[in-house]
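Chain by chain, the residues run as shown.
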Amino acid sequence: MNHDQAQQRIDALTTQLEEHSHNYHVLASPTIADGEFDRLLEELVRLEGEWPDLVRPESPTQRVGGAPTSDFPTVAHATPMLSLDNSYSREDVVAFDARVHNGLDETATVEYVAELKIDGVALSLIYEDSRLVRAVTRGDGAQGDEVTNNARTIRSVPLRLREPGITCEVRGEVYMAREDFAALNRSQQEAGRPMFANPRNSTAGTLKLQNPQAVARRRLRCFTYWIDRAGFAYATHAARLESLRHLGFPVNPEWAHCPSLAEVFAFYGRCEAARDDLPYEVDGVVIKVDSLAQQEQLGFTAKSPRSAMAYKFRAEQVRSRLLEIRLQVGRTGTISPVAILEPVRVAGSTVQRATLHNADEIARKDIRVGDLVLLEKGGDVIPKVVGIVAAERPAGTEAFRFPDSCPVCDAALVSYADEVARRCVNPACQGQLKRRIEHFCGRNAMDIEGLGTAVVEQIVDRGLVHDIGDLYSLNAADFAELERLGEKSAGNLVDALTASRQRPFERVLFGIGILHVGATVARNLARSFLSIDRLAAATAEDLAEVDEIGPVIAQSVRDFFAAPATAPVLGKLRAAGLQLSRQAPEDAADDSTQATFFTGKTVVLTGSMSRYSREEAGAIVERLGGRTSSSVSRKTDLLIAGDKAGSKLTKAEALGVRVLGEEEFLLELGKLGIS
Ligand code: IVH
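This write-up is about the structure you can find in this document. (Residues numbered from 1 in each chain as written. Predicted model: local features only at pLDDT ≥ 70, side-chain atom pairs only at ≥ 80, totals over all residues. Heavy atoms only, no water.)

**Observations regarding the environment of Val64**
No. 1: Here Val64 is to be found in the loop between α2 (34-50) and β1 (74-76).
No. 2: For the pair Val64 and Gln143, spaced 79 residues apart in the sequence, the C-alpha separation amounts to 25 Å.
No. 3: With residues up to four places along the chain from it excluded, the contact list for Val64 reads Thr153, Arg155, Pro212, Gln213 and Ala216. (Helix = DSSP H or I, 4+ residues; strand = E, 2+ residues; numbered from the N terminus. Contact = heavy atoms within 4.5 Å.)

**Observations concerning the packing of aromatic side chains**
No. 1: Applying the stated criterion across every chain, the model contains 14 aromatic pairs.
No. 2: Seen from their ring centres, Tyr268 and Phe313 are 5.2 Å apart, and the 45 degrees between their planes marks the pair as tilted. With Tyr268 in helix α9 (residues 261-274) and Phe313 in the loop between β11 (308-312) and β12 (317-329), this residue pair connects regions lying 45 residues apart in the sequence.
No. 3: Ring plane angle 90 degrees and centroid distance 5.2 Å describe the contact between Phe560 and Phe561, whose orientation is recorded as edge-to-face. One exposure class covers both Phe560 and Phe561, and it is buried.
No. 4: Here the aromatic cluster, defined as three or more aromatic residues joined through ring pairs, consists of Phe265, Tyr268, Tyr311 and Phe313.
No. 5: Stacked on the ring of Phe597, the Lys or Arg Lys601 has its end atom at 4.0 Å from the ring centre. (Phe/Tyr/Trp six-rings, centres within 6.5 Å; stacked < 30°, edge-to-face > 60°. Buried < 20%, exposed > 50% of the residue type's maximum accessible area, 1.4 Å probe, protein only. Lys NZ or Arg CZ within 6 Å of the ring centre and 35° of its normal.)

**Considering unusual backbone geometry**
No. 1: A positive phi is found at Ser130, a non-glycine position, where the angle reads about 65 degrees.
No. 2: By secondary structure assignment, the location of Ser130 is in the loop between β4 (121-128) and β5 (131-137).
No. 3: For Ser130, a relative accessible area of 2% puts it in the buried group.
No. 4: Although it is not a glycine, Asp447 sits at a positive phi angle of roughly 50 degrees.
No. 5: You can see Asp447 is positioned in the loop between α12 (430-441) and α13 (453-461).

**Remarks on the sheet that holds strand β9 (residues 255-258)**
Backbone-to-backbone hydrogen bonds join strands into a sheet, with any given pair of strands oriented parallel or antiparallel.
No. 1: With mixed pairing, the five strands of this open sheet are ordered in space as β2-β11-β10-β3-β9. At either margin of the open sheet sits one strand with a lone partner, and together these are β2 (85-87) and β9. On average, adjacent strands in this sheet sit at an angle of 30 degrees to one another, irrespective of strand direction.
No. 2: Where strand β3 (residues 112-118) and β9 come together, four bridges link them in antiparallel fashion. Residue pairing for β9: Tyr112 is matched across the bridge by Cys258.
No. 3: Helix-sheet contacts for helix α3 (residues 90-102) involve β2, β3, β10 (282-289) and β11, and the interaxial angle to β11 is about 175 degrees.
No. 4: Helix-sheet contacts for α9 involve β3, β9, β10 and β11, and the interaxial angle to β3 is about 20 degrees. (Pairing = 2+ DSSP bridges. Axes fitted to C-alpha atoms, helices over the stretch in contact; angles between N-to-C directions.)

**Observations concerning the site of the ligand**
No. 1: Close to the ligand lie 13 residues, the nearest being Glu115, Leu116, Ile118, Glu173 and Lys288.
No. 2: Between the ligand and the protein, one listed contact pairs a nitrogen atom with a side-chain N or O atom of Glu115 at 2.7 Å.
No. 3: In the environment of the ligand, an oxygen atom lies 3.4 Å from a nitrogen or oxygen atom belonging to the side chain of Lys117.
No. 4: Compared with its free state, where it exposes 510 Å², the ligand has 84% of that area covered by protein.
No. 5: When residues of the shell around the ligand are traced back to their parent elements, those giving at least two are β3 and β10.
No. 6: For the shell around the ligand, the element with the highest residue contribution is β3, accounting for four residues. (Near = heavy atom within 4 Å. Polar contact = N/O pair within 3.5 Å; in protein donor to acceptor, adjacent residues only side chain to side chain. Areas by Shrake-Rupley, 256 points an atom, 1.4 Å probe, with all protein chains shown as cover.)

**Some thoughts on the side chain of Asp467**
No. 1: Along the chain, Asp467 turns up in the loop between α13 and α14 (476-480).
No. 2: Assessed through its relative accessible area of 14%, Asp467 is described here as buried.
No. 3: A polar atom in the side chain of Asp467 sits 2.8 Å from the backbone nitrogen of Gly469.
No. 4: Beyond its immediate stretch of four places on either side in the chain, Asp467 contacts Leu433, Val569 and Lys572.

**Thoughts on the packing of α12 against α13**
No. 1: Direction vectors running N to C along α12 and α13 enclose 135 degrees, while the axes themselves pass 10 Å from each other. By the criterion of interaxial angle, the relationship of α12 to α13 is oblique. When you trace α12 past α13, the crossing you get is right-handed. Contacts from Gln430, Leu433, Lys434, Arg435, Ile437 and Glu438 in α12 reach Thr453, Val456, Glu457, Val460 and Asp461 in α13. (Parallel < 35°, antiparallel > 145°, perpendicular 65-115°, else oblique. Left-handed = near helix turned anticlockwise from the far one by under 90°.)

Laid out in structure tokens, this is it:
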């Protein structure tokens with residue numbers, strides 16, 4: 001075979017493979033047996049190996065070819081990637097429709113397109129001469145991260161368009177199907193790594209993995225819903241969707257052209273009823289004005305187009321039988337009631353356990369074993385029992401009696417006057433010890449990978465560990481004896497323990513689990529007292545001077561150091577070489593020298609953000625010279641409010657405190673070159 005013949009064969013194979021791949025991944029109707037597809041692909045791989053100059057970036061062999069990336073360059077979007085206004089009720093949608101009509105000529109008739117709102121992550125795809133050249137995340141809306149090599153692994157994203165010579169930008173939603181999400185979380189759990197709360201988080205995390213091969217294994221998928229094509233004017237949104245389909249992009253088939261609001265509501269109703277049957281998660285419907293001339297006339301607010309809105313679904317409720325109320329002991333001795341249920345599917349996963357909050361809640365709702373209960377899954381992984389179906393209570397149930405003694409160690413439970421929780425206050429309780437060790441090893445504390453529940457249960461039950469200080473005297477032989485732990489994992493655990501000796505003082509302080517001392521308070525304490533010895537010697541007055549420390553925390557810190565069990569544990573941690581004092585400020589990354597938007601500001605964070613956890617966002621603010629605080633007061637300069645912000649937002653608004661939404665926060669970070 002000469003060069004020309006090789007070129008011809010490569011072209012033919014590429015076209016065939018693209019076609020079959022499109023049929024399989026975009027149209028979901030395979031036109032070739034898997035084995036046959038593999039045979040064609042192998043032939044292509046072999047030919048490209050023989051003729052390396054004929055390998056093109058858009059070749060089907062190049063989906064997973066990208067080299068690992070350690071950073072994702074920031075790229076500005078040609079048109080900002082905005083978000084959508086949310087609504088949860090018919091009235092909101094009617095009001096939206098009225099605003100749309102107000103913004104247009106009196107005689108205008110408005111038609112809508114309604115689509116599913118896919119619970120994933122927005123992505124922009126840039127094509128030049130019909131070849132994928134760049135993929136960029138939404139980022140702060142103005143600029144995002146270039147994740148091209150990772151996006152190439154998404155099988156339904158075409159590397160080459162089905163028509164030549166096209167320059168365009170396409171936007172869509174990358175998502176993880178329910179089954180892939182469940183499989184991922186299973187493997188996370190088995191590996192002792194943190195589970196993802198929802199497919200959106202796992203998708204966002206996956207797009208930012210450094211190794212495209214790992215991304216490919218997670219099987220991300222995509223639906224596109226927007227195209228801007230050079231030299232081409234679309235008249236309607238529906239025409240855009242049609243064009244996307246024509247060019248080979250995946251377009252969700254569940255969309256409707258709605259000549260009036262009645263059809264929009266009908267579509268919403270159909271989708272809400274069918275949402276559980278979909279193989280991916282959706283959180284609502286997106287309503288868009290169909291005419292692009294009207295869209296243009298309506299324009300944009302700072303955050304979103306006036307021509308579109310998201311109509312969210314209400315949290316889904318399901319019923320299940322309550323089989324048992326099990327009591328769990330937390331690390332501070334709090335006893336939490338957990339509902340054990342007949343397995344039931346809710347929001348895409350099978351649920352057998354749910355939180356019952358506390359004894360008062362059970363009493364208030366009169367929840368009894370045997371009841372049919374109502375379950376809801378909010379933004380959290382753990383579903384909640386929100387009520388009972390009183391009419392269907394079986395005969396012979398009894399009101400739940402909260403026990404008087406600890407389910408693990410049998411010590412009498414205590415309820416403090418100002419708390420709803422019942423506590424086990426036995427310092428030797430093994431139930432508490434297990435949870436304390438888990439907390440110490442957790443991601444925001446010492447971050448000891450692999451030391452999860454299964455290992456903790458065993459090392460405590462076998463008497464290998466009596467407090468967190470004992471962890472550092474465990475060796476590979478100790479671990480190797482545990483069930484379901486091979487030699488390799490045992491070695492990894494020892495390595496993880498060794499590495500954790502370098503965690504900074506503030507993490508140790510958080511990890512040792514002083515009641516009421518969360519990550520932020522631990523950081524403030526570490527900064528003010530610089531070492532564990534000075535903190536142990538602090539008086540109530542010394543403590544009261546620290547930001548965010550009131551009498552309750554001050555007392556709890558003093559109680560902790562006064563407790564007889566504390567000194568021996570600290571002795572062991574000291575002997576193990578942990579960081580029990582703060583390193584000099586010059587090597588601490590958090591003392592920024594340049595003034596930024598956040599310098600000197602007291603900042604409170606509330607609600608949940610999609611980009612960062614509250615802890616991460618707080619750490620960023622502090623690195624940029626701001627101070628974080630947990631409560632809003634007159635002294636607060638700024639409230640950063642994510643999704644579902646509650647009373648803090650109300651209070652900030654009442655006090656006239658400046659509020660930044662997630663987008664605006666990201667925008668400020670963007671200005672400082674942080675993405
Ligand atoms: S249109 C101006 N259509 O929802 C933004 N967005 O809050 C126009 N999303 O960032 C977006 N499904 O990530 C649109 N069918 C759909 C969508 C969709 C999911 C996401 C997207 C966007 C967010 C808006």
